[in-house]
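Survey of secondary and tertiary structure
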Amino acid sequence: MKNSLHDFIQGLPKAELHLHIEGSLEPEMMFALALRNGIALPYASVDELRAAYEFGDLQSFLDLYYAGAAVLQTEQDFYDLTMAYVQRALTDNVRHVELFFDPQTHTLRGIAMSTVFAGIARALRQARAENDFSGSMIMCFLRHLSEQDAFDTLDAALILREQYADLWIGIGLDSGEVGNPPEKFSQVFARAHALGFHVVAHAGEEGPPAYIHSALDVLNVERIDHGVRAEEDGVLMQKLIRMQMPLTVCPLSNLKLCVVTDLRQHNLARMLRAGVCVTVNSDDPAYFGGYLNANFSASAEALGLNRTELAQLAKNSFCASFAMPEQKQIWLDELVAYVDGYLAE
Ligand code: ADE
Ligand code: ZN
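We now turn to the structure provided with this report. (Residues numbered from 1 in each chain as written. Chains lettered and ligands numbered in written order. Predicted model: local features only at pLDDT ≥ 70, side-chain atom pairs only at ≥ 80, totals over all residues. Heavy atoms only, no water.)

Thoughts on the overall build of the chain
When helices and strands are tallied, the chain shows 17 helices and 8 strands. Expected size for 345 residues packed as a compact globule is a radius of gyration near 20 Å; at 19 Å, the chain falls within 12% of this value. Split into buried and exposed, the 345 residues of the chain put 59% on the buried side. Across the chain, contacts joining residues at least 24 apart in sequence account for 76% of those joining residues at least 6 apart. Counting only carbon and sulfur atoms, one obtains 55% of the accessible surface of the chain, whose full area is about 13000 Å². Averaging the locations of the 25 positively and 45 negatively charged side chains of the chain gives two centres separated by 4 Å. (Helix = DSSP H or I, 4+ residues; strand = E, 2+ residues; numbered from the N terminus. Rg over C-alpha atoms; globule rule 2.2 N^0.38 Å. Buried < 20%, exposed > 50% of the residue type's maximum accessible area, 1.4 Å probe, protein only. Contact = heavy atoms within 4.5 Å. Areas by Shrake-Rupley, 256 points an atom, 1.4 Å probe, with all protein chains shown as cover. Lys, Arg positive; Asp, Glu negative; His and termini not counted. Charge placed at Lys NZ, Arg CZ, Asp CG, Glu CD.)

Digging into the nonpolar core
Formed by 114 residues in total, the largest nonpolar core has its most connected members in F117 and I171. Among the elements that line this core, the one with the most residues is helix α7 (residues 113–130), at 8 residues. Discounting chain neighbours no more than four positions away, the residues touching F117 are F101, M137, M139, A157, L160, Y164 and W168. Within the second largest apolar cluster, 6 residues are counted, among which are I138, C140, I169 and V200. (Core = buried A, V, L, I, M, F, W, Y, C linked by side-chain atoms within 4.5 Å.)

Quick look at the packing of helix α5 (residues 75–91) against α7
At their nearest, the axes of α5 and α7 sit 7 Å apart, and the two run at 35 degrees to each other. As for the relative orientation of α5 and α7, their crossing is right-handed in sense. Contacts between α5 and α7 involve E75, Q76, F78, Y79, T82, M83 and V86 from the first element and T115, V116, A118, G119, I120, R122, A123, L124, Q126 and A127 from the second. (Axes fitted to C-alpha atoms, helices over the stretch in contact; angles between N-to-C directions. Left-handed = near helix turned anticlockwise from the far one by under 90°.)

Points about the coordination of the zinc ion (ligand 2)
Within the first shell, the zinc ion (ligand 2) binds the protein through H18 (NE2), H20 (NE2), H202 (NE2) and D283 (OD), at distances of 2.0 to 2.3 Å. If you look at the zinc ion (ligand 2), its 4 donor atoms make angles of 82 to 174 degrees with each other, and the shape they trace is irregular. (Donors = N, O, S within 2.8 Å, 3.2 Å for Na, K, Ca; no water. Tetrahedral: all angles 85-135°; square planar, octahedral: opposite > 155°, others 65-115°.)

Quick word on the site of ligand 1
Every residue near ligand 1 is listed here: H20, L58, F61, L62, Y65, D174, S175, H202, E205, H226, D283 and D284. Between S175 and ligand 1, the recorded distance is 2.8 Å, taken from a backbone N or O atom to a nitrogen atom. Contact between ligand 1 and D284: a nitrogen atom at 2.6 Å from a side-chain N or O atom of the residue. Considered on its own, ligand 1 offers 260 Å² of accessible surface; in the complex 100% of this is hidden by protein. The cavity that encloses ligand 1 is the largest cavity. At 4 residues, helix α4 (residues 58–68) tops the list of elements feeding residues into the shell around ligand 1. Here the residues of the shell around ligand 1 sort into 4 nonpolar, 4 polar and 4 charged. (Near = heavy atom within 4 Å. Polar contact = N/O pair within 3.5 Å; in protein donor to acceptor, adjacent residues only side chain to side chain. 1 Å grid on protein atoms, 1.4 Å probe; cavity = no way out; pocket = protein on both sides within 12 Å on 5 of 7 lines; lining within 4 Å. Sits in = over half its atoms within 2 Å of the grid points. Nonpolar A, V, L, I, M, F, W, Y, C, P; charged D, E, K, R; others polar.)

Examining the packing of helix α8 (residues 147–158) against helix α9 (residues 186–194)
Following both chains from N to C, one finds α8 and α9 inclined at 25 degrees, their axes separated by 8 Å at the closest point. By the angle between their directions, the pair α8 and α9 is classed as roughly parallel. Here E147, A150, F151, L154, D155 and L158 of α8 lie close against α9, whose contacting residues are S186, Q187, V188 and R191. (Parallel < 35°, antiparallel > 145°, perpendicular 65-115°, else oblique.)

Topic: the pairing of strand β3 (residues 134–142)
Among the 9 residues that make up β3, 9 are buried, leaving the element largely enclosed by the rest of the structure. Side chains of β3 alternate between two faces, with S134, S136, I138, C140 and L142 and G135, M137, M139 and F141 buried alike. One ladder, built from 6 bridges, connects strand β2 (residues 94–101) with β3; its direction is parallel. Bridging from a neighbouring strand, L99 pairs with M137 of β3. Judged from the 6 bridges that link them, β3 and strand β4 (residues 168–174) form a sheet pairing that is parallel. Bridge pairing in β4 links C140 to G172. Crossover β3 to β4 through α8 is right-handed. (Pairing = 2+ DSSP bridges. Right-handed = clockwise from strand over helix to strand, strands pointing away.)

Rendered as structure tokens:
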């Protein structure tokens, strides 16, 4: 099996650009943290909890996801959560992650902003020191809440900016998409831009192509998270190709949340072959049945992706990252060496 596609994927160096750290909370850890923090869960066992992970749409997932996050209480909890993800990512040969976190999910429950930052940051700094791995943080606003709430969240986080300048690189937008268009956050994104943050937004997951247009034109995002509904708009597709605007696509998420009914119908391969800068990501791996390599493998199998295409997806992940150009070149050289070595065998 040395030459199987799975082995090829396993060894590919890659970056993950769409990962909600709260979405990496495995049922086992949810139970352990609930016990540690004296919180009652409405499930009798890990198996019962896992069995509840049947979603009809994004909102049905978000309801469980926000409820599950309630077990995260202390700095140590956020550290443990992040470190568990890092260990899993290292297994998948992930070299770099730009992870999302949702402070409003925690501050609304009375958890201090500083607790959230400190735990995630301690794990990422340790991971950087001990491994060939780097991580940075993108703080997301919950789009079902108001723009004023986002402003308040930004203000509260800015007090910590200097302390986490090595890690906190960007601002994102997530949660229930339909009915919460990007325009709702135009002012706060303008402020984030002015402050020098990278900006990204979920758009075109469940929402229409118009939301992708406004994420680009109103929020001035540098990447679109998901973006799979872009295919419904030919003009938009040409624009994405012309701009080489990265899409952080999450195939198993789209399957679990019924954005597609069958992975064989997913447009990842069509968009890649059309010249869109698509990347593969895991979104909320604890809920959607797979980390990054599982997303690569399932997509390769369902869509017939060959090694050249898989290598292109890995290349896109490094190119679309917010890392320094010199660092990107190191990863890209490593990727080329890996692919050349593999094909020469
Ligand atoms: N928050 C966590 N996962 C999400 C997703 N797939 N879409 C929107 N918000 C999210
Ligand atoms: Zn997401």
